[in-house]
Amino acid sequence: DTGVSQNPRHKITKRGQNVTFRCDPISEHNRLYWYRQTLGQGPEFLTYFQNEAQLEKSRLLSDRFSAERPKGSFSTLEIQRTEQGDSAMYLCASSLGTLAGARTDTQYFGPGTRLTVL
Amino acid sequence: AQSVAQPEDQVNVAEGNPLTVKCTYSVSGNPYLFWYVQYPNRGLQFLLKYITGDNLVKGSYGFEAEFNKSQTSFHLKKPSALVSDSALYFCAVRDMWDSSASKIIFGSGTRLSIRP
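Overview of the structure. Not measured: the values here are computed from a predicted model.

Describing the overall build of chain A
Next, step 1: The number of helices and strands found in chain A is zero helices and eleven strands.
Next, step 2: Here the C-alpha radius of gyration of chain A, 14 Å, is about what a compact globule of 118 residues would show, namely 13 Å.
Next, step 3: With the C-alpha coordinates aligned to their principal axes, the bounding extent of chain A is approximately 45 × 30 × 30 Å.
Next, step 4: When each of the 118 residues of chain A is scored for burial, the buried share is 51%.
Next, step 5: Taking the intrachain contacts of chain A between residues at least 6 apart in sequence as the baseline, contacts between residues at least 24 apart amount to 56%.
Next, step 6: Surface accessibility of chain A: about 5900 Å² in total, with carbon and sulfur atoms responsible for 46%.
Next, step 7: Taking the 15 positively charged and 12 negatively charged side chains of chain A as two groups, their mean positions are separated by 5 Å.

Right, dumping it as structure tokens:
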């Protein structure tokens, strides 16, 4: 399978604990995105990398959230001091950058990591 | 600010009948429009996109969508529905003039249910 993969698929944690999720994009894709999806809603943009550079962060990404893409390949999303409001599906997507810029390329999504904070 | 609306939370169609899932958008510039489908406990799968050119866009699994600039709509259609089309469908938009190169706004989704 050469699609976007995410691990773990499910994570249950207690409030106040730290969690880390991993995303492996499609191998030739230079752009990587993180989204959060709550029940009954569409995905909300969190952050975006081009290669190893984090170029955009949403205001939804509080200082408890940090994302990295150290070698321009896989990415991690860490949530520190989790809160019950962090419970959601965290989706990763990747795309191949084009000369037209990031606005026209197609994002391909992974299966997501479902986080439950007790 | 850009936004997208999916006015129907649920659409019910009999198998073999045509289906339409509605989407309207609001952007300050020209829109880039996308449709994705989500099956239970799965990520989003890309169906089709409109960037420029022909207003009728054909995508995966027999789906198509028509860009209508005057009505600011991008409705998803299929001539003959299958039970396997039952899923959650998301419309999404980017504004070509948005300074945020990557920001894509999703609608709240429409649940499509195809009865045998």
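Having seen the model, we can carry on.
Quick look at the sheet that holds strand β1 (residues 5–7) of chain A
Residues and elements named next belong to chain A.
Next, step 1: If you trace the four strands from one edge of the open sheet to the other, you get β1-β3-β8-β7, paired in antiparallel fashion. Each having just a single partner strand, β1 and β7 (65–68) make up the two edges of the open sheet. Put simply, the sheet's adjacent strands are angled 15° from each other on average, direction ignored.
Next, step 2: In the sheet, β1 pairs with strand β3 (residues 19–24) via three bridges, with the strands oriented antiparallel. The partner of Asn 7 across the bridge, within β3, is Arg 22.

Describing the nonpolar core
When a protein is soluble and globular, its nonpolar side chains tend to lie buried together.
Next, step 1: Formed by 27 residues in total, the largest nonpolar core has its most connected members in Leu 19, Trp 35, Leu 47, Leu 48, Phe 74, Leu 76 and Tyr 89 of chain B.
Next, step 2: It is strand β10 (residues 87–95) of chain B that provides the largest number of residues to this core, a total of four residues.
Next, step 3: If you look at the next biggest cluster of nonpolar residues, it comprises 19 residues, including Val 4, Ala 67, Leu 77 and Ile 79 of chain A.

Looking at the side chain of His 75 of chain B
All names here are of chain B.
Next, step 1: Note on placement: His 75 falls in strand β9 (residues 73–78).
Next, step 2: A distance of 3.0 Å separates a polar atom in the side chain of His 75 from the backbone nitrogen of Cys 23.
Next, step 3: Beyond its immediate stretch of four places on either side in the chain, His 75 contacts Thr 20, Val 21, Lys 22, Cys 23, Thr 24, Trp 35, Glu 64, Ala 65 and Glu 66.

Quick word on unusual backbone geometry
Residue and element names in this part refer to chain A.
Next, step 1: A cis amide bond, omega -10°, links Asn 7 with the succeeding residue Pro 8.
Next, step 2: For Arg 81, which is not glycine, the phi dihedral falls at a positive 50°.
Next, step 3: The topology assignment puts Arg 81 in the loop between β8 (75–79) and β9 (88–95).
Next, step 4: Looking at Arg 81, the relative accessible area reads 44%, which means it is partly exposed.

So, how was this worked out
- Residues numbered from 1 in each chain as written.
- Chains lettered and ligands numbered in written order.
- Predicted model: local features only at pLDDT ≥ 70, side-chain atom pairs only at ≥ 80, totals over all residues.
- Heavy atoms only, no water.
- Helix = DSSP H or I, 4+ residues; strand = E, 2+ residues; numbered from the N terminus.
- Rg over C-alpha atoms; globule rule 2.2 N^0.38 Å.
- Buried < 20%, exposed > 50% of the residue type's maximum accessible area, 1.4 Å probe, protein only.
- Contact = heavy atoms within 4.5 Å.
- Areas by Shrake-Rupley, 256 points an atom, 1.4 Å probe, with all protein chains shown as cover.
- Lys, Arg positive; Asp, Glu negative; His and termini not counted.
- Charge placed at Lys NZ, Arg CZ, Asp CG, Glu CD.
- Pairing = 2+ DSSP bridges.
- Axes fitted to C-alpha atoms, helices over the stretch in contact; angles between N-to-C directions.
- Core = buried A, V, L, I, M, F, W, Y, C linked by side-chain atoms within 4.5 Å.
- Polar contact = N/O pair within 3.5 Å; in protein donor to acceptor, adjacent residues only side chain to side chain.

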